[in-house]
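A look at the structure
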Amino acid sequence: MERTKILVTGGAGYIGSHATVELYNAGFLPVIVDNFSNSQESVLGGIEKILGVKVPFHNIDCNDEEALRAVFAEEGNLRGVIHFAAFKAVGESMVKPLEYYRNNVGSLLTLVSVMREFGVEALVFSSSCTVYGTPDQLPVTEQTPTKKANSPYGATKQMCEDILQDIAAVPGQTSRTILLRYFNPVGAHASAEIGELPLGVPQNLVPYVTQTAAGIREQLTINGDTYDTPDGTNIRDYVHVVDLAKAHVVAVQRLLDKKGETIETFNVGTGHGNSVLEVVQAFERATGVKLNYKIGPPRPGDVPAIYADVTKATAELGFKTSATLEEALASSWKWQQHLSQR
Ligand code: NAD
Ligand code: WQD
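Criteria and thresholds
- Residues numbered from 1 in each chain as written.
- Chains lettered and ligands numbered in written order.
- Predicted model: local features only at pLDDT ≥ 70, side-chain atom pairs only at ≥ 80, totals over all residues.
- Heavy atoms only, no water.
- Near = heavy atom within 4 Å.
- Polar contact = N/O pair within 3.5 Å; in protein donor to acceptor, adjacent residues only side chain to side chain.
- Areas by Shrake-Rupley, 256 points an atom, 1.4 Å probe, with all protein chains shown as cover.
- Helix = DSSP H or I, 4+ residues; strand = E, 2+ residues; numbered from the N terminus.
- Nonpolar A, V, L, I, M, F, W, Y, C, P; charged D, E, K, R; others polar.
- Buried < 20%, exposed > 50% of the residue type's maximum accessible area, 1.4 Å probe, protein only.
- Contact = heavy atoms within 4.5 Å.
- Phe/Tyr/Trp six-rings, centres within 6.5 Å; stacked < 30°, edge-to-face > 60°.
- Lys NZ or Arg CZ within 6 Å of the ring centre and 35° of its normal.
- Salt bridge = Lys/Arg side-chain N within 4 Å of Asp/Glu carboxyl O.
- UniProt positions renumbered as here; feature names shortened; annotations may be inferred.

With respect to the site of ligand 2
Around ligand 2 there are 19 residues in total, and S128, Y153, N234, R236 and D302 lie nearest to it. The separation between a nitrogen atom of ligand 2 and a polar main-chain atom of T221 is 2.8 Å. For ligand 2, an oxygen atom lies 2.7 Å from a polar atom in the side chain of N234. Burial of ligand 2 by the protein chains amounts to 87% of its free accessible area of 690 Å². Of all the secondary-structure elements, those providing two or more residues to the shell around ligand 2 are helix 7 (205-213) and strand 8 (220-223). Here the shell around ligand 2 is composed, by residue class, of 8 nonpolar, 8 polar and 3 charged.

Next up, the structure:
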């Protein structure tokens, strides 16, 4: 039987590469589009090693309408799109707002126009818990009001959500969309062939932890321990990237099964918060490696605590987390060791 083709923009990236693997394993044919602005070509080799086949790939910029059109025309029968391609570094977005708005909002507009032209209706969009800002109540549900973003990056996610909501509100337009609001993805594929590949100094906690453990960084600095949380460090909802990737497969299938216009939003996290210190301790337990860390000042703009209510994703997408935090961190460590040997 012929596989259903799904376009995966940003498929060479951290989450996109794992979603590509899960889509293929579920019987789809993922077609990757990426311009390697934040990834490396070697990721495609990792995917091929896991799957035993090369998936179709196009090296284009999603802002390039002509090039995107050519991909849709060449592939012929795309049934849906998962749009991962975006810039994602919060700090960088503060100093390069134009680049972030242009890439993140611009690529969505271009993509949706081309989808419409080719009659492709199903879209899964990578949104983020950043849309909730600093929430007044925990855990956050999909109904929790969004707050003014505290970075241009966060603003791009809110804008993209608003654009997709406005498009979906026009009667008679057949667009079917799922907005997935990810919490903090961590971990790597069990094979250690793909994982998070930060270019330069990592901005996120777990790659900083694994690089410190590997001796690439001297010391982890915990960003503050005087927050109003049980141990004073920030609380986040760390979700295994493979569990997150699987949510995309279910979301795409749900859109393909639906008729008429629809737009839905889902939190994708574990439903459980862990502090930064708990992550450090879990890493040490999971790997047996002692981590060199110190407590530093709070990082400007950090939300003290956020974690998801995943009741909706559990009930409607059948989403469940299969990995514990320790298992996720062990997989990140295995990936880091694999990288260090390359
Ligand atoms: P990533 O940087 O690893 O992957 C994004 C991929 O998109 C990269 O391979 C990059 O080269 C590509 N890309 C960027 N702009 C492009 C363009 N214009 N044309 C073609 N390719 C382009 O990031 P990720 O962690 O895999 O995140 C994927 C998506 O999920 C992003 O939209 C991000 O904002 C969102 N998200 C990520 C997190 C997280 O913590 N990682 C959390 C919430 C939401
Ligand atoms: C986690 C915790 C840090 C590094 C970001 C984006 C968010 C979403 C997910 C995309 C925080 C602490 C970190 C370090 C530390 N991405 N930390 N020392 O900030 O929760 O969320 O990624 O949509 O929008 O903001 O993730 O991994 O940077 O930090 O103490 O060296 O670890 O302060 O409490 P964050 P993170």
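Section: the site of ligand 1
With respect to spatial proximity, 28 residues lie near ligand 1, and among them D34, N38, S39, N103 and Y153 are the closest. Here C62 contributes a backbone N or O atom positioned 2.9 Å from a nitrogen atom of ligand 1. Here an oxygen atom of ligand 1 sits 2.8 Å away from a polar atom, N or O, in the side chain of K157. Coverage of ligand 1 by the protein chains reaches 95% of its 820 Å² of free accessible surface. Secondary structure elements with two or more residues in the shell around ligand 1: helix 1 (14-25), strand 5 (122-128) and helix 6 (152-168). For the shell around ligand 1, the leading source of residues is strand 5, giving 3 residues. For the shell around ligand 1, a count of residues per class yields 13 nonpolar, 11 polar and 4 charged.

Notes on the environment of R236
Along the polypeptide, R236 turns up in strand 9 (residues 235-236). Classification of R236 as buried rests on a relative accessible area of 11%. Only 3.5 Å separates the side chain of R236 from the side chain of D302, close enough to count as a polar contact.

Looking at helix 7
When you tally the buried positions in helix 7, you get 7 out of 9 residues, the bulk of the element. Taken together, the buried positions of helix 7 are occupied by V206, P207, V209, T210, Q211, T212 and A213. Contact partners of the buried residues in helix 7: strand 7 (184-186), strand 8, helix 9 (276-287) and helix 11 (325-341). A positive backbone phi angle near 85° is found at G215, which sits one or two residues after helix 7.

Observations regarding the environment of F36
With respect to the element layout, F36 can be found in the loop between strand 2 (28-33) and helix 2 (42-51). Between the alpha carbons of F36 and G10 there is a distance of 8.2 Å; along the sequence they are 26 residues apart. Apart from residues no more than four positions distant in its own chain, F36 is found in contact with A12, E41, L44, F57 and N59.

Comments concerning the packing of aromatic side chains
Evaluation of the coordinates by the stated rule reveals 5 aromatic pairs. The interplanar angle of 45° and the centroid separation of 5.5 Å between the aromatic rings of F72 and F118 together place this pair among those described as tilted. Here F72 is found in helix 3 (residues 65-75), whereas its partner F118 is found in the loop between helix 5 (97-117) and strand 5, with 46 residues between them in sequence. Here F72 falls in the buried class, since its relative accessible area comes to 2%. The side chain of R3 reaches across the aromatic face of Y24, ending 3.7 Å from its centre.

Concerning the pattern of salt bridges
Counted according to the given criterion, the structure contains 17 salt bridges. As a salt-bridge pair, E65 and R69 come within 2.9 Å of each other at their nearest N and O atoms. One end of the pair, E65, and the other, R69, are both in helix 3, 4 residues apart, so they sit about a helical turn from each other. Between R254 and E264 there is a salt bridge whose closest N-O contact spans 2.6 Å. Here the residue R254 occupies a position in helix 8 (residues 241-257), and E264 occupies one in strand 11 (residues 262-268), the gap between them amounting to 10 residues. In this structure, R254 and E264 share a single accessibility class: buried. Within the structure, one salt-bridge network assembled from shared partners comprises E65, E66, R69 and E117.

Focus: the UniProt feature "domain: NAD-dependent epimerase/dehydratase" (unreviewed entry) in the protein chain
As recorded in UniProt, the sites labelled "domain: NAD-dependent epimerase/dehydratase" (unreviewed entry) are residues 6-269. Here residues 6-269 is 39% helix and 19% strand, with 24 Å between the C-alpha atoms at its ends.

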